[in-house]
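Breakdown of the fold
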Amino acid sequence: MGEKQMLMIPGPTPVPEKVLLAMAKHPIGHRSADFSNIIAQVNKGLKWLHQTNNEILTLASSGTGAMEAGIINFLSPGDKVLVGDNGKFGERWGKLCQAFGLDTEIIKAEWGQPLDPEVFREKLTADTNKKIKAVIITHSETSTGVLNPLEAINKAVKDHGEALIIVDAVTSLGATNVPVDQWGLDVVASGSQKGYMIPPGLGFVAVSEKAWKAYETAKLPRFYFDLGKYKKANAKDSTPFTPAINLYFALNTALELMQEEGLENIFARHQRLTKVTREGIKALGLKLYAPDQYASNAITAVATSPLNAEDLRGYIRKTYDIVLAGGQDHLKGQIFRIGHLGFSCEREMLTVLAVLKESLATLQA
Ligand SMILES: *Cc1c(COP(=O)(O)O)cnc(C)c1O
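Residues numbered from 1 in each chain as written. Predicted model: local features only at pLDDT ≥ 70, side-chain atom pairs only at ≥ 80, totals over all residues. Heavy atoms only, no water.

**Let's talk about unusual backbone geometry**
- At the junction of Gly11 and Pro12, the peptide bond is cis and its omega measures out at -5° in the coordinates.
- Secondary-structure assignment places Pro12 in the loop between β1 (6-8) and α1 (17-23).
- Of note, the bond from Ser305 into Pro306 is cis; its omega dihedral lies within 30 degrees of zero at 10°.
- As for its position among the elements, Pro306 is in the loop between β12 (299-303) and α12 (309-320).
- Of note in the backbone geometry, Gln51 takes a positive phi value of approximately 55° without being a glycine.
- On the accessibility criterion, Gln51 (28% relative accessible area) is partly exposed. (Helix = DSSP H or I, 4+ residues; strand = E, 2+ residues; numbered from the N terminus. Buried < 20%, exposed > 50% of the residue type's maximum accessible area, 1.4 Å probe, protein only.)

See the structure below:
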């Protein structure tokens, strides 16, 4: 039944029919008035989703391109940065910063545990010469299903006063409250194939006034991802280069659907999905990988020991055509991950739980 696959990974996420149909068109000219109108509408929707008046720049890239843009536009070689690393994506921030020659201090927590705001506070308080230029973290760590305490870490950054807070919100935006203006988040990176309910191919970067000031003096090389170019074009409802036109059609429709549902309802739905999933997993006698207080609303990681998670995943894929995500790196075989981000509902979670029950019984028989 190849046409009935259920995709339950944390990106790409399922796409609503209405969004798929919006894309099924010939591209139009990107310098046309019609396309300018779409850019204007999309930009309004993006600000609504980010709860911000800040500029949001849209790139033809995956989420990692948005992360890279979030670094190279605001920092200079040798700048000191603190990077939170408690999973695959935090680790990616670290590698990215090192690749661009930043003086990178990695602040680790164990995979499956949240970052500790106190460690950030100590480092920031000790930095009386204001050498730390940015604190860089992953909000929802997709590899483990941990939601990091962004608000608390950001408070320490605000008390420092100088450092920028740079956030990977790829699996928190559109699932969890990320009030960009209220919290004063300087750079927020995200990608289209996660909470946006559209296919992969767009990256987004929200940029605060404070970050634009840093942009003026930042010296890392930039060209295609020079956000100044995108800002200038945005002011004329345009783009500096050829945009992913059909993905804009999709995004425009997806943002309309999201606005019809409302932010509060979107967050509440993701919270319900998380609760249903976690309660169900507990009832099945499996172990949740992330603690309850730090559970991501987008993704639930489940430990299967002594059963190999890959055997379970393979069985479910073959028997039910449901695709779950595996563990990454050293967690391969130890955990599987259920995506409940974007276009997801309770029915799918209940299906997965029922399927898990049957599969466990069969594999453990
Ligand atoms: C998916 C994801 C990204 C971006 O990955 P791409 O493959 O470049 O889109 C970044 N951070 C997190 C937390 C993610 O889940």
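**As for helix α9 (residues 227-234)**
- Among all positions in α9, only Leu227, Gly228, Tyr230, Ala233 and Asn234 are buried.
- Of the residues flanking the start of α9, the one acting as N-cap is Asp226, its side-chain oxygen 2.9 Å from the backbone nitrogen of Gly228. (Polar contact = N/O pair within 3.5 Å; in protein donor to acceptor, adjacent residues only side chain to side chain.)

**Observations concerning the packing of aromatic side chains**
- What the rule picks out here adds up to eight aromatic pairs.
- Taken together, Phe223, Tyr224, Phe225, Tyr230 and Phe241 form an aromatic cluster joined through their ring pairs.
- For the cation-ring pair, Lys229 lies above Phe223, with the distance from its terminal atom to the ring centre recorded as 3.8 Å.
- The ring of Trp212 carries the charged tip of Lys231 above its face, separated from the ring centre by 4.4 Å. (Phe/Tyr/Trp six-rings, centres within 6.5 Å; stacked < 30°, edge-to-face > 60°. Lys NZ or Arg CZ within 6 Å of the ring centre and 35° of its normal.)

**A word on the site of the ligand**
- Neighbouring the ligand are 14 residues, the closest being Ser62, Thr64, Thr142, Asp168 and Lys194.
- Contacts to the ligand include Ser62, whose side-chain N or O atom sits 2.5 Å from an oxygen atom.
- A distance of 2.5 Å separates a nitrogen atom of the ligand from a polar atom in the side chain of Asp168.
- Protein contact buries 88% of the 380 Å² of open area that the ligand shows by itself.
- Looking at the shell around the ligand element by element, the count peaks at three residues for helix α3 (residues 63-72).
- Of the residues assigned to the shell around the ligand, the class counts are three nonpolar, eight polar and three charged. (Near = heavy atom within 4 Å. Areas by Shrake-Rupley, 256 points an atom, 1.4 Å probe, with all protein chains shown as cover. Nonpolar A, V, L, I, M, F, W, Y, C, P; charged D, E, K, R; others polar.)

**So, the pairing of strand β13 (residues 322-326)**
- For β13, the tally of buried residues reaches five of five residues, placing the bulk of the element in the interior.
- When β1 meets β13, the two strands line up parallel, connected through three bridges. Bridge pairing links Met8 to Leu324 in β13.
- Where β13 meets strand β14 (residues 335-339), two bridges bridge the pair, whose relative direction is antiparallel. Bridged to Ala325 within β14 is Arg337. (Pairing = 2+ DSSP bridges.)

**So, the domain arrangement of the protein**
- Annotation of the protein at the domain level lists domain 1 (2-12 + 263-363) and domain 2 (18-259).
- The C-alpha-based centres of domain 1 and domain 2 are spaced at 27 Å.
- Between domain 1 and domain 2, the contact holds 26 residues from the first and 29 residues from the second.
- Both sides together, the interface formed by domain 1 and domain 2 hides about 2300 Å², and carbon and sulfur atoms give 66% of it.
- Of all residues in domain 1, the largest losses of buried area upon contact with domain 2 belong to Leu263, Phe267 and Tyr294, amounting jointly to 25% of the total for that side.
- If you look at where domain 1 meets domain 2, you find one salt bridge.
- The residue Asp329 makes a salt bridge to Lys88 at a minimum N-O spacing of 3.1 Å.
- Counting across the domain 1 and domain 2 interface gives seven residue pairs in polar contact (both at pLDDT 80 or more).
- Considering each element in turn, the side of domain 1 that touches domain 2 owes the most residues, four residues, to helix α11 (residues 263-283).
- Looking at the side of domain 1 that touches domain 2, its residues break down into 17 nonpolar, seven polar and two charged. (Domains from an automatic or database assignment. Contact = heavy atoms within 4.5 Å. Buried area = accessible area lost by both parts, 1.4 Å probe. Salt bridge = Lys/Arg side-chain N within 4 Å of Asp/Glu carboxyl O.)

**Description of empty space enclosed by the protein**
- Overall, the coordinates contain two cavities of 30 Å³ or more when judged by the stated rule.
- In this model, the largest cavity occupies a volume close to 80 Å³.
- Forming the walls of the largest cavity are 13 residues, and the residues nearest its centre are Thr58, Ala60, Tyr230, Thr242 and Pro243.
- Looking at the lining of the largest cavity residue by residue, the classes come out as ten nonpolar, three polar and no charged.
- Of the volumes computed, that of the second largest cavity is approximately 60 Å³.
- Where the lining of the second largest cavity is concerned, the elements lending two or more residues are β2 (55-59) and α9. (1 Å grid on protein atoms, 1.4 Å probe; cavity = no way out; pocket = protein on both sides within 12 Å on 5 of 7 lines; lining within 4 Å. Points joined across faces, edges and corners; volume = space filled by probe spheres on them.)

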